[in-house]
Amino acid sequence: MEITRLTLMALLMMAFTMLISKGEGQLVENFYSSTCPNVESIVTQAVTNKFTQTITTGQATLRLFFHDCFVEGCDASVIIASPNGDAEKDATENLSLPGDGFDTVIKAKQAVEAACPGVLGGPSFNVELGRRDGLISKASRVEGKLPKANFNLDQLNALFAKHGLTQTDMIALSGAHTVGFSHCDQFANRLYSFSSSSAVDPTLDPTYAQDLMAGCPRNPDPTIAVPLDPQSPAAFDNVYYQDLLSGKGLLTSDQVLFTDAASQPTVVRFANNAADFNAAFVAAMRKLARVGVKTGKDGEIRRDCTAFNSSTCPNVESIVTQAVTNKFTQTLTTGQATLRLFFHDCFVEGCDASVIIASPNGDAEKDAPENLSLAGDGFDTVIQAKEAVEATCPGVVSCADILALATRDVIGLLGGPSFNVELGRRDGLISKASAVEGNLPKANFNLDQLNALFAKHGLTQTDMIALSGAHTVGFSHCDQFTNRLYSFKPSSPVDPTLDPTYAQDLMAECPRNPDPTVAIPLDFQTPASFDNVYYQNLLSGKGLLTSDQVLFTDPTSQPTVVQFANNAGDFNAAFVAAMRKLGRVGVKTGKEGEIRRDCATFNS
């Protein structure tokens, strides 16, 4: 298999290796021998240049590699920059990663790209190559995956074991703390509030503790950084372990390696024998570098370290917009049909286009009674957009992403707000009619029922009220609200929250035994415009469904309805925020799902 561009993860791994002195699956040491034979010397030169310019280059690059591998695997996902501040590097645990680590990889990547388009004194070792860059980088996925400064031995072992690393591997990799720094807040508890009986951690050497207090008072400057190895902080050696023997481990998670009897012998061995440490470190690094790697067709080869590629289909949005616009001009119901289709899709199996699957047995999601009223123009909009995309970019854009884009486009065509759509969804592999019941809001829901259903997907009451504003367009069949006209309760056949004149108008259109094909606008005033008139209707008792009108009659939700009725800008902002949240519900990414060739049919 030939890959014509070097991945960022390969560069990050090589950059680290060059700094500290260079398999399984498809990783091999000479992976680029034919496509970029001089890659190692190119990276070495770029890293050496950077190292001579900035003292923190070494520890920054080393720490960057560790933080990358421990989250999504060794795939350079930690380097991605998100304009929304929600990438892996934006997680609280990663905010202290020095910029010199990122810059080292970026400069090495630029040097490699120029030649092949598409140094601390530690041990040297060969690097298995062939990694591909990851497609996921989320701050929300970092928590719980990186070791903390206060971890005990059991916690350290458990975390490293998740990646197939032994206790010896963990102790050897902890030796990376022979270089680098830590901020005072990571160990201040050991100086001032260790326990009720001893403010200072008794495992700390007293003189070292006093030195640390001088550098880190109770309310220190948050920019102060203290060397993890006080004796030789700029050298990759085994002095870190010697520090532990004398009570000079900076973090709890450092010192515990010596104070715990289970790990103490290994620490003593590494402290007394640098060669043993170096050998164990190299072995552990090679194992770590295989964690969660993407090879073959997984991931991608990024051109820019900090951004996912868009070259797989750079014009996808314009292609979809053109197809949706063409459909919109042809058929009046295209807008509300596509918008409703998106809602019904996301609420069942997640936003994965499972609602579009057609089953010859009539048992797919779209065949459920709750979905039989979904207008065909919504399905056709997605299918036509998919055909247009496939003509230009075959096999790379999911039906789920196309549905999300199409929904955004019809909202704009109806006069609603425009917004960016997050992409990268894959299409679902399950579509069952039996999965629909209980997962979609019903016309007779009260506020508690609506809130409970939306909360299952991480959506708040404000999100729910904003998304209900999609009823500013669209229609409903009479059977969804005739109980409000003829059989509300024995003492009042007509729902008293209905405006009397509006109720009479509805009765004229929907008699007791109405034509089942009759459809009534959900917003009788501006049924073809995406605006905030829906909420104004609720204020005057002209919400069509019980689940609409209850948003105003229930005092818990009434203030938000009034706010949206009086301020279209507030509604639009809340709707966009809620749509972005809804668009993340149950998404399939990475190896999950598939990219369907035909939106109505699974690939196999």
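Per chain, residue numbering runs from 1 following the sequence as it is written. Side-chain atom pairs in this predicted model are given and counted only at pLDDT of 80 or more, local residue features only at pLDDT of at least 70, and totals for whole chains, interfaces and linings cover all residues. To obtain the side-chain values, all non-hydrogen atoms of the structure were included, while hydrogens and water were left out.

**Describing the side chain of Ser-431**
What counts as a helix is a DSSP run of H or I of at least four residues, what counts as a strand is a run of E of at least two, and both are numbered from the N terminus. Position of Ser-431 relative to the elements: it lies in the loop between helix 16 (399-413) and helix 17 (447-455). Polar contacts, as used here, are pairs of N or O atoms within 3.5 Å; protein pairs need one atom able to donate a hydrogen and one able to accept it. Residues neighboring in sequence count only if both atoms are side-chain atoms. Within the structure, the side chain of Ser-431 is placed 3.0 Å from the backbone nitrogen of Glu-365, a separation counted as a polar contact. Every residue pair with non-hydrogen atoms within 4.5 Å of one another is taken to be in contact. Those residues in contact with Ser-431 that sit more than four places away from it in its chain are Ser-354, Ile-357, Asp-363, Ala-364, Glu-365 and Phe-602.

**Thoughts on helix 6 (residues 167-174)**
Remark: exposure states derive from per-residue accessible area (1.4 Å probe, protein chains only) relative to the maximum for the residue type, with buried under 20%, exposed over 50%, and partly exposed in between. Counted residue by residue, helix 6 has six buried out of eight residues, so it is predominantly covered. Taken residue by residue, helix 6 has Asp-169, Met-170, Ile-171, Ala-172, Leu-173 and Ser-174 as its buried positions. Buried residues belonging to helix 6 abut helix 3 (57-69), helix 5 (153-161), helix 9 (239-245), helix 10 (252-259), helix 11 (264-272) and helix 12 (274-288).

**Quick word on the pattern of salt bridges**
We define a salt bridge as a contact between a side-chain nitrogen of Lys or Arg and a carboxyl oxygen of Asp or Glu at a distance within 4 Å. Applying the stated criterion to the full structure yields 24 salt bridges. The partner of Arg-286 in a salt bridge is Glu-128, with the nearest N and O atoms 3.8 Å apart. Separated by 158 residues along the polypeptide, Arg-286 in helix 12 and Glu-128 in the loop between helix 4 (99-115) and helix 5 bring together distant segments of the chain. Residue class for Arg-286 comes out partly exposed when judged on its relative accessible area of 22%. One salt bridge connects Glu-437 with Lys-442, and the closest N-O pair in it is separated by 3.9 Å. The class of Lys-442 is partly exposed, set by a relative accessible area of 34%.

**Quick look at the confidence of the model for the chain**
The pLDDT averaged across the chain works out to 89; a share of 94% of its residues lies at or above 70. In this model, residues 1-6 is a region of pLDDT below 50 whose contacts with residues beyond four sequence positions or in other chains number 26 contacts. Each residue carries a pLDDT value, the predictor's own confidence for that position, ranging from 0 to 100. pLDDT under 50 marks residues 21-25. Its contacts with residues more than four places away, or in other chains, come to 15 contacts.

**Thoughts on the nonpolar core**
Within this scheme, the nonpolar core is defined by two criteria: the residues are buried Ala, Val, Leu, Ile, Met, Phe, Trp, Tyr or Cys, and they are joined through side-chain atoms within 4.5 Å. Leu-551 and Leu-582 are the most contacted members of the largest nonpolar core, which totals 70 residues. The element contributing the most residues to this core is helix 16, with nine residues. If sequence neighbours within four positions are ignored, Leu-551 has contacts with Leu-447, Leu-450, Met-464, Ile-465, Ser-468, Tyr-534, Leu-538, Ser-557, Gln-558 and Val-561. Listed in part, the 55 residues of the second largest apolar core include Val-47, Val-71, Leu-129 and Met-170.

**What to know about the state of the cysteines**
In plain terms, two cysteine sulfur atoms within 2.5 Å form what is called a disulfide here. Counting across every chain of the model gives six disulfides. Two residues, Cys-69 and Cys-74, share a disulfide whose sulfurs are 2.1 Å apart. Between Cys-69 and Cys-74, the S-S torsion sits near 120°, and that sign places the bridge as right-handed. Across the pair, exposure class does not vary: Cys-69 and Cys-74 are buried alike. Between the sulfur of Cys-313 and that of Cys-393 lies a disulfide, 2.1 Å long from S to S. Here Cys-313 and Cys-393 share a disulfide; its torsion about the S-S bond, 75°, makes the bridge right-handed. One end of the pair, Cys-313, is in the loop between helix 12 and helix 13 (316-330); the other, Cys-393, is in the loop between helix 15 (376-392) and helix 16, and 80 residues separate them in sequence.

**Points about the environment of Ala-528**
By the secondary structure assignment, Ala-528 is in the loop between strand 4 (519-521) and helix 21 (533-539). Once the C-alpha coordinates of Ala-528 and Val-473 are considered, the two residues, 55 residues apart in sequence, prove to be 5.6 Å apart. When sequence neighbours within four positions are dropped, the list of residues in contact with Ala-528 reads Leu-414 and Val-473.

**Observations concerning the packing of helix 2 (residues 39-53) against helix 4**
All axes are obtained by fitting lines to C-alpha atoms, using only the stretch in contact for helices, and the reported angles, taken between N-to-C directions, cover 0 to 180 degrees. Close contact between helix 2 and helix 4 brings their axes to 9 Å; oriented N to C, the two are set at 140°. Overall, the two elements helix 2 and helix 4 adopt an arrangement that is oblique. The handedness of the crossing between helix 2 and helix 4 comes out as right-handed. Counted together, Val-39, Ile-42, Val-43, Ala-46, Val-47, Lys-50 and Gln-53 of helix 2 and Asp-100, Asp-103, Thr-104, Lys-107, Ala-108, Ala-111, Val-112 and Ala-115 of helix 4 form the full contact between these two elements. When residues are sorted by character, Ala, Val, Leu, Ile, Met, Phe, Trp, Tyr, Cys and Pro go into the nonpolar class, Asp, Glu, Lys and Arg into the charged class, and all the rest, Gly among them, into the polar class. Counted by class, the contact of helix 2 with helix 4 contains nine nonpolar, two polar and four charged residues. Each angle is binned into one of four classes, with values under 35 degrees roughly parallel, values over 145 roughly antiparallel, values of 65 to 115 roughly perpendicular, and all other values oblique. It is the rotation of the near helix from the far one that decides the hand of a crossing: anticlockwise by less than a right angle makes it left-handed, clockwise makes it right-handed.

**A few points about the packing of helix 18 (residues 461-468) against helix 23 (residues 558-566)**
Running from N to C, helix 18 and helix 23 cross one another at 45°; their axes reach a closest spacing of 10 Å. In this view, helix 18 runs oblique relative to helix 23, as classed from their interaxial angle. Of the two possible hands of crossing, helix 18 and helix 23 adopt the one that is right-handed. On helix 23, the residues touching Thr-462, Ile-465 and Ala-466 of helix 18 are Thr-560, Val-561 and Phe-564. Here the residues of the contact of helix 18 with helix 23 sort into four nonpolar, two polar and no charged.

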